[in-house]
Amino acid sequence: MNIRIEPILMEQKSVFVQMLELYQYDFSEFSNDDINEYGYFGYEHIDDYWNEDGRHPFFIRADGKLAGLVLVRSCCEHNNLPNPHNIAEFFVMKKYRKEGVGRAAAIRIFDMFPGGWEISCWTNNLPAQHFWGKVVAEYTGGKYRIFHAADKNEMGFTFDNSI
């Protein structure tokens, strides 16, 4: 399967919004979020991805078809890392899960942004913990650190892929 990462252009905002809704629906089993009175979950940082430095939105494509999205920020929430990067959101549609799409997309994203990486997951999201633990361990050859942010019910992984 051919996996590509492509920047999301402002003209593609409506597709981006729709994919975020699918992601939030999927994620609601962990977030316990509800839709609003208009039938949407909403995402408050949508426009920030074109208006703020350090935010990078990408679509994931599998064999040319939209398969998910990845939002990268140039910061860390829980750690002090050099040249920091953070996975703000990561979504692979169910059809493409367990096919290597997420793994390939994550590796391509890591390679695009050398520096310190922070990936956090909610403690109740065991599938994400398993996925990121496996991908980060493979990508780093076991050279990563696990952190816990108990005050936010999060755990995660950090590593540095600077050359």
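The structure this text deals with has already been given above.
Note that the structure is a prediction, hence the values are computed from the model and not measured.

Colleague: Give a description of the pattern of salt bridges that names residues and reports values.
Modeller: Under the definition given, this model contains 8 salt bridges. Where Asp 26 meets Arg 97, a salt bridge forms, and the shortest distance between an N and an O atom there is 2.2 Å. Here Asp 26, found in helix α1 (residues 13-31), pairs with Arg 97, found in the loop between β4 (84-92) and α3 (101-112); they are 71 residues apart in sequence, far enough to count as distant. With a relative accessible area of 15%, Asp 26 lands in the buried category. Within the structure, one salt-bridge network assembled from shared partners comprises Arg 4, Glu 6 and Arg 61.

Colleague: Please set out unusual backbone geometry residue by residue, giving values where relevant.
Modeller: One non-glycine residue, Asp 63, lies in positive phi territory at about 50 degrees. On the secondary structure map, Asp 63 appears in the loop between β2 (55-62) and β3 (65-73). Positive phi, normally seen in glycine, also occurs at Asn 83, with a value near 45 degrees. On the basis of relative accessibility, which here comes to 48%, the residue Asn 83 falls in the partly exposed class.

Colleague: Any chance you could break down the sheet that holds strand β1 (residues 3-7) for me, citing the residues and the numbers?
Modeller: One open sheet accounts for 7 strands, arranged β1-β2-β3-β4-β5-β7-β6; its pairing is mixed. The strands lining the two open edges of the sheet, one partner per strand, are β1 and β6 (145-149). Across the sheet, the axes of successive neighbouring strands diverge by a mean angle of 30 degrees, strand direction being ignored. Here β4 pairs with strand β5 (residues 116-122) via 3 bridges, running parallel. When the bridges of β5 are listed, Pro 84 appears paired with Gly 116. Of the strands in this sheet, β2, β3, β4 and β5 are in contact with α1, which crosses β3 at around 80 degrees. Lying on the sheet, helix α4 (residues 126-140) is in contact with β4, β5 and β7 (154-160); it crosses β7 at an angle near 10 degrees.

Here is what the cut-offs are and how they apply
Residues numbered from 1 in each chain as written. Predicted model: local features only at pLDDT ≥ 70, side-chain atom pairs only at ≥ 80, totals over all residues. Heavy atoms only, no water. Salt bridge = Lys/Arg side-chain N within 4 Å of Asp/Glu carboxyl O. Helix = DSSP H or I, 4+ residues; strand = E, 2+ residues; numbered from the N terminus. Buried < 20%, exposed > 50% of the residue type's maximum accessible area, 1.4 Å probe, protein only. Pairing = 2+ DSSP bridges. Axes fitted to C-alpha atoms, helices over the stretch in contact; angles between N-to-C directions. Contact = heavy atoms within 4.5 Å.

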